[in-house]
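Structural overview for review
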Amino acid sequence: MANLSKTLALTLTNGETISYQLERRPRRTVGLKITKDGLVVHAPKRIFEFQLQKLLVEKSNWIINKLEARKKNYAPPLNWQDGEILQLRGNPITLYVVHNAKNKQAQFNHDSLTISSPEADNQEVVKRKVVQWFKKQALVDFSRRLEILAAKLNVPTPPLHLSNAQSRWGSCSSRGDIRLNWRLLQAPPHIINYVICHELAHLKEMNHSAKFWAVVASIYPDYKTAEKELKTRSPQLHTV
Ligand SMILES: [Zn+2]
């Protein structure tokens, strides 16, 4: 089958020239989407390229806005090597990677985390050790907060599990177990507290009704700001 995808250039109304991916599809309308690689256009097989270009230029504002928004949310992936900056409870900590014949446990010291390994050049190995350390700390940190905040809400402390979800920060099962994403340990304390309060409130209201938000507000009054901040920080928190 012929390759139905190609890269083309487009000059937008603001004078900027971008490249986009054109994919021919058996469809009747033109569809635009912004992916992490930029603009992707799905077009019917029959439409001429000059017609398509005209249509895209007309959609310039939409494209410019979406590309801007994507740029703002873009966080470069971490390098799992010496000198990288990690986040712990909203504070930067430096990652030190040391060659050592012995495989030692990660060492945390105030504002640095040291990984010693015979495979110090292997970023996968370093990442695994850092993640292991974060998970261990997360469990201790989140358990303590959960206990305090559950008392505030006047409910028994629910069982806690760590999650590794790619997009969710927390969840509460119908059995009343709470799952929290270990990556949340990178966020500042008030954000960690918010996510915990949110999940705890689900023990009383298993939905996102006005009643639910009233429960959240009873233990975390400024939840709206926190919710917004969590959304803004999410791309960054997910680079680990
Ligand atoms: Zn919820």
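In this report, we go over the structure that sits alongside the text. Predicted model only: the values in this text are computed from it and were never measured. Within each chain, residue numbers correspond to sequence positions counted from 1 in written order. Side-chain atom pairs in this predicted model are given and counted only at pLDDT of 80 or more, local residue features only at pLDDT of at least 70, and totals for whole chains, interfaces and linings cover all residues. With hydrogens and water stripped out, all remaining heavy atoms of the structure feed into the side-chain values.

1. Re the coordination of the zinc ion
Counted as coordinating are nitrogen, oxygen and sulfur atoms within 2.8 Å of the metal, or 3.2 Å for Na, K and Ca, while water is not included, which may make sites look incomplete. Within the protein, the zinc ion binds to His198 (NE2), His202 (NE2) and His208 (NE2); these donor distances fall in the range 2.0 to 2.1 Å. For the zinc ion, all donor residues lie on one chain, and their spacing in sequence is H-x3-H-x5-H. Partly exposed residues are those whose accessible area sits between 20% and 50% of the maximum for their type, while under 20% is buried and over 50% is exposed, using a 1.4 Å probe and protein chains only. Looking at His202, the relative accessible area reads 9%, which means it is buried. Judged by its relative accessible area of 52%, His208 is exposed.

2. Details of the sheet that holds strand β10 (residues 170–172)
Spatial strand order, β9-β11-β10: 3 strands in an open sheet with mixed pairing. On the outer flanks of this sheet lie β9 (160–163) and β10, each paired with one strand and no other. Strand-to-strand, the axes of this sheet are offset by a mean angle of 20°, without reference to chain direction. Pairing between strands is defined by DSSP: at least two bridges between the two strands are required. Strands are runs of DSSP state E lasting at least two residues, helices are runs of H or I lasting at least four, and both sets are numbered from the N terminus onward. As defined by bridge partners, β9 adjoins strand β11 (residues 178–181) across 4 bridges and the pair is classed as parallel. Bridge pairing links Ser163 to Asn181 in β11. Note on definitions: a residue-residue contact is assigned when non-hydrogen atoms from the two residues lie within 4.5 Å. To get an axis, fit a line to the C-alpha atoms, keeping to the stretch in contact for a helix; angles then go from 0 to 180 degrees between the N-to-C directions. Contacts from helix α3 (residues 123–153) reach β9 and β11 within the one sheet, and its direction differs from that of β9 by about 140°. Here helix α4 (residues 189–201) sits on the sheet in contact with β10 and β11, set at roughly 155° to β11.

3. Focus: the environment of Thr232
By the element assignment, Thr232 lies in helix α6 (residues 223–237). In this structure the C-alpha to C-alpha distance between Thr232 and Gln87, which are 145 residues apart in sequence, comes to 15 Å. N or O atoms closer than or at 3.5 Å make up a polar contact, with two conditions inside protein: a donor-capable atom paired with an acceptor-capable one, and, for residues adjacent in sequence, both atoms drawn from side chains. A distance of 2.8 Å separates a polar atom in the side chain of Thr232 from the backbone oxygen of Lys228.

Geometric values such as these leave the question of function open.
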